[in-house]
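The primary structure of each chain is shown beneath.
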Amino acid sequence: MASGDLKSVYVKYTQFGSTATAQKKELTSANFMKMMKDNKLIDKKLNGTEVDMIFTKSKAKGTKTLSYPQFQAAIRLAALSKYGAEGKEDELISILTSGSGPQLVGATKISKNKATDRLTDTSQYTGSHKERFDEEGKGKGIGGRKDLHAEQGYVHGYKHDGTYDKKH
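Residues numbered from 1 in each chain as written. Predicted model: local features only at pLDDT ≥ 70, side-chain atom pairs only at ≥ 80, totals over all residues. Heavy atoms only, no water.

## Comments concerning the packing of helix α2 (residues 29–38) against helix α3 (residues 48–58)
Interhelical geometry of α2 versus α3 gives an angle of 130° and a closest axis separation of 10 Å. Regarding the angle of α2 to α3, the classification is oblique. Between α2 and α3 the crossing geometry is right-handed. For the pair α2 and α3, the contacting residues are Ser29, Phe32, Met33 and Met36 in the first and Gly48, Val51, Asp52, Ile54 and Phe55 in the second. Across the contact of α2 with α3, the residue classes tally to 6 nonpolar, 2 polar and 1 charged. (Axes fitted to C-alpha atoms, helices over the stretch in contact; angles between N-to-C directions. Helix = DSSP H or I, 4+ residues; strand = E, 2+ residues; numbered from the N terminus. Parallel < 35°, antiparallel > 145°, perpendicular 65-115°, else oblique. Left-handed = near helix turned anticlockwise from the far one by under 90°. Contact = heavy atoms within 4.5 Å. Nonpolar A, V, L, I, M, F, W, Y, C, P; charged D, E, K, R; others polar.)

As structure tokens, then:
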């Protein structure tokens, strides 16, 4: 049993879905289920409900995550449930370590159809919506959404700004 390889699988799935500033230290139930699904271990014997029960049996009371030793115990229980005999966890571990890690299956894809092209074509925008984009179709940011006043004391839209001193 290659515990170093299993530890790397544990770390990959522990950190999946966490941000750079909030790195997770222990495995959640959702990531444990994802690990089983990504490696195609879910079947009639080891179904989603069984995986959830294994996770619950393996974690400490009052916690929501698995530490690495608890994860190892969960792998033993999952192997027992899947293969029906003790001592088969090496097969399960070899499947997990040969996997490529967390997969982004079903992630949102960019829609490519005529309606989307028509609705996102900024050259066809009119009125106040047209003011939000420059000639290249890039957004102007806050300047395109709000009237930014110069606070010079002149009325909005006054064309002769700064000419008072020249006339008097």
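We are not done yet, so read on.
## Regarding the nonpolar core
With 24 residues, the main nonpolar core has Leu27, Phe32, Met35, Met36, Phe71, Ile75 and Leu96 as its most contacted residues. Where this core is concerned, the elements lending two or more residues are α1 (3–15), α2, α3, α4 (68–83) and α5 (89–98). Counting residues per element, this core draws most heavily on α4, at 6 residues. Aside from chain neighbours lying at most four places away, what touches methionine 35 is Val9, Tyr13, Phe71, Ile75 and Leu96. (Core = buried A, V, L, I, M, F, W, Y, C linked by side-chain atoms within 4.5 Å. Buried < 20%, exposed > 50% of the residue type's maximum accessible area, 1.4 Å probe, protein only.)

## What to know about the pattern of salt bridges
The full count for this structure, using the stated rule, is 3 salt bridges. The closest approach of N and O atoms between aspartate 38 and lysine 34, which form a salt bridge, is 3.4 Å. Highlighted residues: aspartate 38 and lysine 34, both in helix α2, separated by 4 residues, approximately one helical turn. Exposure remark for aspartate 38: the relative accessible area of 18% places this residue in the buried category. In this structure, the salt-bridge partner of glutamate 91 is lysine 88, at a minimum N-O distance of 3.4 Å. (Salt bridge = Lys/Arg side-chain N within 4 Å of Asp/Glu carboxyl O.)

## Quick word on α3
Taken together, the buried positions of α3 are Val51, Ile54, Phe55 and Ser58. Down the axis of α3, the smallest arc covering the buried residues is 100°, so these residues share one side. Opposite the packed face of α3, turned more than 90 degrees from it, sit the exposed residues Thr49 and Lys57. (Arc of directions from axis to C-beta.)

## Focus: the packing of aromatic side chains
Here the structure, examined in full by the defined rule, presents 5 aromatic pairs. Here tyrosine 10 and tyrosine 68 contribute two aromatic rings whose centre-to-centre distance is 5.3 Å and whose plane-to-plane angle is 65°, an arrangement assigned as edge-to-face. Here tyrosine 10, found in helix α1, pairs with tyrosine 68, found in helix α4; they are 58 residues apart in sequence, far enough to count as distant. Tyrosine 68 carries the same exposure label as tyrosine 10, and that label is buried. Ring geometry for phenylalanine 32 and phenylalanine 55: centres 5.9 Å apart, planes at 45°, overall tilted. In this pair, phenylalanine 32 is assigned in helix α2 and phenylalanine 55 in helix α3, connecting sequence segments 23 residues apart. Across this residue pair, the class does not change: phenylalanine 32 and phenylalanine 55 are buried. An aromatic cluster of at least three residues, connected via ring pairs, comprises Tyr10, Phe32, Phe55, Tyr68 and Phe71. The ring of tyrosine 68 carries the charged tip of lysine 7 above its face, separated from the ring centre by 4.5 Å. (Phe/Tyr/Trp six-rings, centres within 6.5 Å; stacked < 30°, edge-to-face > 60°. Lys NZ or Arg CZ within 6 Å of the ring centre and 35° of its normal.)

## Remarks on the side chain of aspartate 38
For aspartate 38, the side chain forms a polar contact with the side chain of tyrosine 13, separated by 3.2 Å. Reaching out from aspartate 38, the side chain makes a polar contact with the backbone nitrogen of glutamine 103 at a distance of 3.1 Å. (Polar contact = N/O pair within 3.5 Å; in protein donor to acceptor, adjacent residues only side chain to side chain.)

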